[in-house]
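# Overview (structure and organization)
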Amino acid sequence: MTPSGKQGLDKGGSHRNGTLLIQGSMAITMVRGQAPIPEARILVSGGIIVEIGTVDQVKPPTHDRVNVIDAGHVIILPGLVNAHTHSAMTLFRGMADDLPLRKWLFEKIFPAEAEFLSPETVYWGALLGCLEMIASGTTCFLDGYFFQDQTVRAVHESGMRGLIAQGVIDFPAPGVPEPRENIKAALEFMERWSGFSDLITPGIFCHSPLTCSSKTLTKALEISSNYGVPLQIHLSETKEEVHGIIAKSGMRPARYLDQLGLTVPSLIAAHGVHLDPEEIRLLSRKGVKIAHVPESNMKLGSGVADVSGMIRSGLALGLGTDGCSSNNDLDLLREMDTASKLAKVFDMDPSSLKAREVLEMATTGGARLMGLEKEIGTLEKGKKADIITVDLDRPHLCPLYDPVSALVYSANGADVKDVIVDGKVLMRNREFKTLDPDEIMARVRELTGKLGTRFLHP
Ligand SMILES: [Zn+2]
């Protein structure tokens, strides 16, 4: 059953646990300048962190209605924020590998989407995405795709937090066969889901400055601004895209967006692989935010973004996986490792994108992109309880000299033990509490079986 609207959905916000006590061998708060807390304990009430400190500092409440998570030998840290993905693209994982972006997109992904995407397939694909993200420590994600009513539905059922955006493109698209209706569809999506849940922010995602007209782009920004939410876009992903925009406008992509009035602090641009230094300075000056997606850029052979240059210029950066068909997973712990090492290769400098910097991108950076830096991204009194634990009883995490190094360079998503969003436990000791993994995987296997081998490479 996949109703297209709110039918059958409870309004969010009423699910939070009363009181939760989380303790483990250490906590990394991600508050600048704060050392790891040894023998850490966090008290959560009504979805909010009310106390954090050592077990000696934080006393358990005297009443007995406390859900205690004694996670043992773990690192407790803020939930990770995936700054750029298309969650239902889990459906196309491994379907069209080893192809350049244009061939991958126009000959494989677009035709597969046109034939296969429906409210039902997007719903199950998005649920699989949520399942994979919870399993690997992501608590919040920025998503853009089609049939997004179903992604909202899946995210709501999962208990995750997210910016879920309706895709806009000036071509016939899944669910929006008439391109002239794309802005109307986006506006209706915003109207439908605004105020629905504390955890889900509806938004708009323009596919790119090449596949959306200037009119579409400015209209999308106007609606996003009216609703006070970020606008997402793919920007400067390939050289081909840059040449296309220069041919169309006589300007490089960032300059073109600037001329249209789109370079505003609420714009989140994914990729930014081929931004030149002048464009980086321009975007930084205007407060535009960047979602860095190194593995997708690597897999599609698109190039390497100048992350160190972006950091030096003061650009706000988050870290994302992109969709599963160009990565091919949603594991942000692995993405951190790649991001750091790729920056070192690009700069030929081992001190580039240090472990701490990349962990900031995946936590506080993502929170900033969402505009939620006052609510999530760090473990602090008064912030929302989006918390994960990473199991240290693993051969590849032993010995432990520096927990941040262990998280970035040694850990992977399968090491995540517990996941809590807004004070609600979504995974405890690797057991899912909101989603049924067997049912989701069985449904996805059944649905994708119909795809056949038509779209397989070559
Ligand atoms: Zn993308």
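Thresholds applied
Residue numbers here run from 1 along each chain, matching the order of that chain's written sequence. Thresholds applied to this predicted model are a pLDDT of at least 70 for local features of residues and 80 or more for the giving and counting of side-chain atom pairs; totals over whole chains, interfaces and linings are not thresholded and use all residues. As a convention, hydrogens and water are excluded, and side-chain values are obtained from all of the structure's heavy atoms. Strands are runs of DSSP state E lasting at least two residues, helices are runs of H or I lasting at least four, and both sets are numbered from the N terminus onward. Note that the radius of gyration is over C-alpha atoms, with the globule rule given as 2.2 Å times the number of residues to the power 0.38. Accessibility here uses a 1.4 Å probe with only protein chains present; expressed as a share of the type maximum, an area under 20% marks a residue as buried, one over 50% as exposed, and anything in between as partly exposed. Contacts are assigned to residue pairs with any non-hydrogen atoms lying within 4.5 Å of each other. The protein chains shown are the only cover counted for residues, whose accessible areas, like all others here, come from Shrake-Rupley with a 1.4 Å probe. His is not counted, nor are the chain ends; Lys and Arg add positive charge and Asp and Glu add negative charge. Charge positions come from single atoms, namely NZ of Lys, CZ of Arg, CG of Asp or CD of Glu. Note that the domain bounds were set by an automatic or database domain assignment. Two parts lose some accessible area (1.4 Å probe) when they are put together, and adding that loss for both gives the buried area. Angles run from 0 to 180 degrees between N-to-C directions of axes, and those axes are lines fitted to C-alpha atoms, restricted for helices to the stretch in contact. Each angle gets one of four labels, with under 35 degrees taken as roughly parallel, over 145 as roughly antiparallel, 65 to 115 as roughly perpendicular, and the rest as oblique. Throughout this entry, Asp, Glu, Lys and Arg are counted as charged residues, while Ala, Val, Leu, Ile, Met, Phe, Trp, Tyr, Cys and Pro are counted as nonpolar. The remaining residues, Gly among them, count as polar. Two strands are said to pair when DSSP picks up at least two bridges between them. Only one rule defines a salt bridge in this text: a Lys or Arg side-chain nitrogen within 4 Å of an Asp or Glu carboxyl oxygen. In this description, a donor is an N, O or S atom within 2.8 Å of the metal centre, a cutoff extended to 3.2 Å for sodium, potassium and calcium. Water is not part of the atom list, which can make sites seem incomplete. Every angle between 85 and 135 degrees makes a four-donor site tetrahedral, while opposite donors more than 155 degrees apart, with all other angles between 65 and 115, make a four-donor site square planar and a six-donor site octahedral; other sites are irregular. Put simply, two rings from Phe, Tyr or Trp (the six-membered ring, in Trp's case) pair if the centres are within 6.5 Å, and we call them stacked under 30 degrees between planes, edge-to-face over 60, tilted for the rest. Each ring is checked for a lysine NZ or an arginine CZ that lies within 6 Å of its centre and within 35 degrees of its normal; such an atom marks a charge sitting over the ring.

## Let's talk about the overall build of the protein chain
When helices and strands are tallied, the protein chain shows 14 helices and 16 strands. Taken over C-alpha atoms, the radius of gyration comes to 21 Å for the protein chain, in line with the 23 Å a tight globule of 458 residues would show. Out of the 458 residues in the protein chain, the part that is buried amounts to 59%. When contacts within the protein chain are restricted to residue pairs at least 6 apart in sequence, long-range pairs at least 24 apart make up 73% of them. Summed over all atoms, the accessible surface of the protein chain reaches about 17,500 Å², with 52% contributed by carbon and sulfur. With 48 positive and 56 negative side-chain charges, the protein chain shows a spacing of 3 Å between the two charge centroids.

## A few points about the domain arrangement of the protein chain
The domain boundaries assigned to the protein chain delineate domain 1 (19-79 + 377-432) and domain 2 (80-370). For domain 1 and domain 2, the distance between their C-alpha centroids amounts to 28 Å. Counting residues at the interface gives 29 residues for domain 1 and 31 residues for domain 2. Buried surface at the junction of domain 1 and domain 2, summed over both partners, amounts to about 2,400 Å²; 66% is from carbon and sulfur atoms. When the area that domain 1 buries against domain 2 is broken down by residue, the three leading residues are Met30, Val408 and Tyr409, summing to 26%.

## Topic: the packing of helix H12 (residues 355-370) against helix H13 (residues 403-410)
One can describe the packing of H12 onto H13 by two numbers: an axis separation of 9 Å at closest approach and a directional angle of 70°. Accordingly, the angle class assigned to the pair H12 and H13 is roughly perpendicular. Contacts from Ala355, Arg356, Val358 and Leu359 of H12 reach H13 at Val404, Ser405, Leu407, Val408 and Tyr409. Of the residues belonging to the contact of H12 with H13, the class tally is seven nonpolar, one polar and one charged.

## Quick look at the pairing of strand E14 (residues 416-421)
Most of E14 is tucked away, with six of its six residues classed as buried. Here four bridges tie strand E13 (residues 387-391) to E14, and the two strands are oriented antiparallel to one another. For Ile387, the partnering residue across the bridge sits in E14 and is Ile420. Turn length for the E14-strand E15 (residues 424-428) hairpin, with the two strands adjacent in sequence and antiparallel, is two residues, and the turn residue Asp422 shows positive phi of about 55°.

## Overview of the pattern of salt bridges
Taken as a whole, this structure holds 29 salt bridges when the rule is applied. With a shortest N-O distance of 3.4 Å, Arg161 and Asp422 are connected by a salt bridge. Separated by 261 residues along the polypeptide, Arg161 in strand E7 (residues 161-168) and Asp422 in the loop between E14 and E15 bring together distant segments of the chain. Pair check on accessibility: Arg161 and Asp422 agree, each one buried. When the shortest N-O distance is used, the salt bridge between Asp391 and Arg394 registers 3.6 Å. What makes Arg394 partly exposed here is its relative accessible area of 23%. Taken together, the shared-partner salt bridges in this structure form one network comprising Arg255, Asp258, Glu278 and Lys286.

## Overview of the coordination of the zinc ion
Coordination of the zinc ion by the protein comes from His84 (NE2), His86 (NE2), His234 (NE2) and Asp322 (OD), over a distance range of 2.1 to 2.4 Å. For the zinc ion, the four donor atoms in the first shell make angles of 86 to 171° at the metal, a pattern classed as irregular. Site description for the zinc ion: donor spacing in sequence, H-x1-H-x147-H-x87-D. With His234 in strand E9 (residues 231-235) and Asp322 in the loop between strand E12 (316-319) and helix H11 (332-347), this residue pair connects regions lying 88 residues apart in the sequence. This pair shows no difference in class: His234 is buried, exactly as Asp322 is.

## Some details on the packing of aromatic side chains
Taken as a whole, this structure holds five aromatic pairs when the rule is applied. The positively charged end of Arg102 is found above the aromatic ring belonging to Phe106, 4.6 Å away from the centroid.

## Considering the sheet that holds strand E10 (residues 267-271)
Strands sit in the order E5-E6-E7-E8-E9-E10-E11-E12 across an open sheet of eight strands; the sheet is parallel. Where the open sheet ends on each side, the last strands, each with one partner, are strand E5 (80-85) and E12. The average undirected angle you get between the axes of adjacent strands in this sheet is 25°. Packing against the sheet, helix H5 (residues 214-227) makes contact with E7, strand E8 (200-206) and E9, and its axis sits at approximately 165° to E8.

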